[in-house]
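Chain residues, written in single-letter form:
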Amino acid sequence: AQSVTQLGSHVSVSEGALVLLRCNYSSSVPPYLFWYVQYPNQGLQLLLKYTSAATLVKGINGFEAEFKKSETSFHLTKPSAHMSDAAEYFCAVKRGGNKLTFGTGTQLKVEL
Amino acid sequence: DGGITQSPKYLFRKEGQNVTLSCEQNLNHDAMYWYRQDPGQGLRLIYYSQIVNDFQKGDIAEGYSVSREKKESFPLTVTSAQKNPTAFYLCASGSRQGTEAFFGQGTRLTVV
């Protein structure tokens, strides 16, 4: 069965610093992978998705993620953090239809 | 604007009462989903529907019921059999051709 593991439930960075949020997947078939962002008391917004095309995927708000099959990873990065990036981030893998299995989330804090 | 509307945003109920959460979409999507979110656990799939008049149990369906009488609507009833109903509930939809799910803004249910 497909699953994802997010390492680090809380990540703190300084404004302007690199953001790195980690996600490892487990899948018996080539996976479709997603990163979603959630602001407090809001729904989830799609940041980016990997669908077996380019391994480096660019998303909204300056985020990108690289699919690495050898490492079974799909880490999310942003070169320079902004205060508005503070939110919870979820990695997810598609399983049958559009059903998703989510990781447990990473809360990103951005400090001045 | 096209999107998914969940109502109400906040809901309070007494223990032992059934409560129904509304989810409406005007994206013309065939598939609709209900997820439950608890702190530190990510999102878990409750029920999903791939087509009108058909729905399937997800990973945590016990204590919940749904209906899909119209393509646009997928209400979720939290019954008194659900032992721990207080949570944030998210509705999503997706097309058969697409790869990602689109989310509503959520309903926060508190049972006292």
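Because the structure is a prediction, the values reported are computed rather than measured. (Residues numbered from 1 in each chain as written. Chains lettered and ligands numbered in written order. Predicted model: local features only at pLDDT ≥ 70, side-chain atom pairs only at ≥ 80, totals over all residues. Heavy atoms only, no water.)

Novice: Would you explain the sheet that holds strand β3 (residues 19-25) of chain B in this entry?
Specialist: Strands in a sheet are paired, the pairing made by backbone hydrogen bonds, and the direction either parallel or antiparallel. Residue and element names in this part refer to chain B. Taken in spatial order, the four strands of this open sheet run β1-β3-β8-β7, and their pairing is antiparallel. Only two strands of the sheet have a single neighbouring strand rather than two, namely β1 (4-7) and β7 (64-66). Between one strand axis and the next, the sheet turns by 20 degrees as a mean value, whatever way the strands run. Where β3 lies against strand β8 (residues 76-78), three bridges are found, and the strand directions are antiparallel. Bridge pairing links valine 19 to valine 78 in β8. (Pairing = 2+ DSSP bridges. Helix = DSSP H or I, 4+ residues; strand = E, 2+ residues; numbered from the N terminus. Axes fitted to C-alpha atoms, helices over the stretch in contact; angles between N-to-C directions.)

Novice: Can you help me understand the pattern of salt bridges in this one?
Specialist: Where charged atoms from two side chains of opposite charge approach closely, those side chains can pair. Residues and elements named next belong to chain B. Summed over all chains, the structure comprises eight salt bridges over all chains. With a shortest N-O distance of 3.6 Å, aspartate 30 and lysine 71 are connected by a salt bridge. Here lysine 71 lies in the loop between β7 and β8 and aspartate 30 lies in the loop between β3 and β4 (31-37), a separation of 41 residues in the sequence. For aspartate 38, the salt bridge goes to arginine 44, with nearest N and O atoms at 2.8 Å. Through salt bridges with shared partners, a single network forms among Arg36, Asp38 and Arg44. (Salt bridge = Lys/Arg side-chain N within 4 Å of Asp/Glu carboxyl O.)

Novice: Which parts of the structure should I look at to understand the layout of surface pockets?
Specialist: To find the voids left in a structure, one rolls a probe of water-molecule size over its atoms. Taken as a whole, the largest pocket holds about 300 Å³ of empty space. Considering the residues around the largest pocket, the lining is formed by 21 residues, among which Gln38 and Glu88 of chain A together with Gln37, Pro39 and Arg108 of chain B are closest to the centre. Breaking the lining of the largest pocket down by element, the ones donating at least two residues are β9 (87-94) of chain A together with β9 (87-94) and β11 (107-111) of chain B. With three residues, β9 of chain A is the largest single contributor of residues to the lining of the largest pocket. For the lining of the largest pocket, a count of residues per class yields eight nonpolar, 10 polar and three charged. (1 Å grid on protein atoms, 1.4 Å probe; cavity = no way out; pocket = protein on both sides within 12 Å on 5 of 7 lines; lining within 4 Å. Points joined across faces, edges and corners; volume = space filled by probe spheres on them. Nonpolar A, V, L, I, M, F, W, Y, C, P; charged D, E, K, R; others polar.)

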